[in-house]
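If you want the building blocks of each chain, they are given just below.
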Amino acid sequence: MKLQRMNRRALTLGALAVSGALALTACGSDDNGSSAKSSSSSSTNASSIKCDNAKGQLLADGSSAQKNAIDAWVKAFSQACGVQINYKGGGSGAGVTSFNQGQLAFAGSDSALKPEEVTASKQVCSGGQGIDLPMVGGPLALGYNVPGADNLVLNASTIAKIFNGQITKWNDPAIKALNKSATLPDLKIQAFHRSDESGSTDNFTKYLIAAAPADWKYSGGKAWQAKGGQSAAGSAGVAAGVKQTAGAIGYFELSYVADGLKAVSIDTGASAPVAPSSDSATKAIADAQVVGTGSDLALKLNYTTKADGAYPITLVTYEIICDKGNKAATLPATKAFLTYIASEEGQKVLPTISYAPIPDAIITKVRSTIAGLS
């Protein structure tokens, strides 16, 4: 029996070590089995994951941007606590809608709740309301598939014109001026955007509105507004479309830049173009302001930063949860899971899979809020 318990503890630690390989693993397919639930909440356990009274199953949905992070966290938490968590990753819009219909334990969104969404949440959160807990940071990369262009640099104006159909060839003079040493092909640009309502779209267009106002005249939001281009559902769908199409470019999280795709570096006006990375995203998030009130921790990002090493197209994904009035059947497991992912151990997973940890000053407030959920 001692040997079995040691093996189980080793597996719990092993889950974190291999989390970077969990990019698109379906949450509901994890083999939860009969994990060492009782020992995982002990302070003497090798893992610091505390299960408390967590039990049963959780259904969640929302941001596909954070799905790779959620998958890694679910793997570790499920092995430690024996709780099955099914996170669909169907997009921020779908997640918030389902949460406000009372279908989910929590939702993920790359945009903070709008006032009308907070009002709707009061029908589900008995005596309380939905709140935003920033949990996952990361750069929104511009992944591209352009033969011969290995270190592509773009600025806000060229990005806006590409996604608005005003720049249509990769050897356009505006792109060549930013890439003087590159051999750019006479190849048609295929710009991919999200077909579903998405916080990634919201954040990407907020950047364009702020940094290229003369070239991007749309109001923004979770739904794509510009004409033309190619569309696909979810970050994985956009990434797959770009990968399969010569001349393609699309926006998705850095964790989806793989299998031959490359990421654009952005000329922000800083001393050098900035590439998307965990470090460059964290530098941008550290400049954010908390604009939520009460227990809500919504942030305002600075999309026009010119600080050296700060990547401007950075998003924060929030976990949406009731501050009060959560369902009694799912509250213990939900609190235990959120406590783990906000912990130092949970946040340390993020850089290993191309995400950015939430800065200490903010995540400390998140932990305090989670402790008070009821």
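Structure: see above.
These notes cover the structure that comes with them. (Residues numbered from 1 in each chain as written. Predicted model: local features only at pLDDT ≥ 70, side-chain atom pairs only at ≥ 80, totals over all residues. Heavy atoms only, no water.)

What follows is about the state of the cysteines. Summed over all chains, the structure comprises two disulfides. Each disulfide pairs two cysteine sulfurs, and for cysteine 51 the partner residue is cysteine 81, the sulfurs being separated by 2.0 Å. Linking cysteine 51 and cysteine 81, the disulfide has an S-S dihedral of approximately -85° and is accordingly described as left-handed. Highlighted residues: cysteine 51 in the loop between α2 (37–40) and β1 (57–62) and cysteine 81 in helix α3 (residues 67–81), separated in sequence by 30 residues. In this structure, cysteine 51 and cysteine 81 share a single accessibility class: buried. (Disulfide = S-S within 2.5 Å. Helix = DSSP H or I, 4+ residues; strand = E, 2+ residues; numbered from the N terminus. Buried < 20%, exposed > 50% of the residue type's maximum accessible area, 1.4 Å probe, protein only.)

Tallying each qualifying case throughout the model produces eight salt bridges. Residue arginine 194 pairs with aspartate 196 through a salt bridge whose shortest N-O separation is 2.8 Å. On the basis of relative accessibility, which here comes to 2%, the residue arginine 194 falls in the buried class. Looking at aspartate 196, the relative accessible area reads 18%, which means it is buried. Note that lysine 243 and aspartate 259 form a salt bridge whose closest N and O atoms lie 3.6 Å from each other. Taken as a pair, lysine 243 in helix α9 (residues 234–244) and aspartate 259 in the loop between β8 (248–253) and β9 (262–263) lie far apart in primary sequence, 16 residues in all. (Salt bridge = Lys/Arg side-chain N within 4 Å of Asp/Glu carboxyl O.)

A few words on the packing of helix α6 (residues 156–163) against helix α8 (residues 199–211). One way to put it is that α6 packs onto α8 with a least axis distance of 9 Å and a crossing angle of 125°. Considering the angle they form, α6 stands oblique to α8. Crossing handedness for the pair α6 and α8: left-handed. Contacts from Ala156, Ile159, Ala160 and Phe163 in α6 reach Phe204, Tyr207, Leu208 and Ala211 in α8. Tallied by class, the residues present in the contact of α6 with α8 amount to eight nonpolar, no polar and no charged. (Axes fitted to C-alpha atoms, helices over the stretch in contact; angles between N-to-C directions. Parallel < 35°, antiparallel > 145°, perpendicular 65-115°, else oblique. Left-handed = near helix turned anticlockwise from the far one by under 90°. Contact = heavy atoms within 4.5 Å. Nonpolar A, V, L, I, M, F, W, Y, C, P; charged D, E, K, R; others polar.)

This part takes up the packing of helix α11 (residues 331–342) against helix α13 (residues 360–371). At a closest axis distance of 10 Å, the pairing of α11 and α13 adopts a crossing angle of 165°. Accordingly, the angle class assigned to the pair α11 and α13 is roughly antiparallel. When you trace α11 past α13, the crossing you get is left-handed. Here Lys335, Leu338, Thr339 and Ala342 of α11 lie close against α13, whose contacting residues are Ile363, Val366, Arg367, Ile370 and Ala371. Classifying every residue of the contact of α11 with α13 gives six nonpolar, one polar and two charged.

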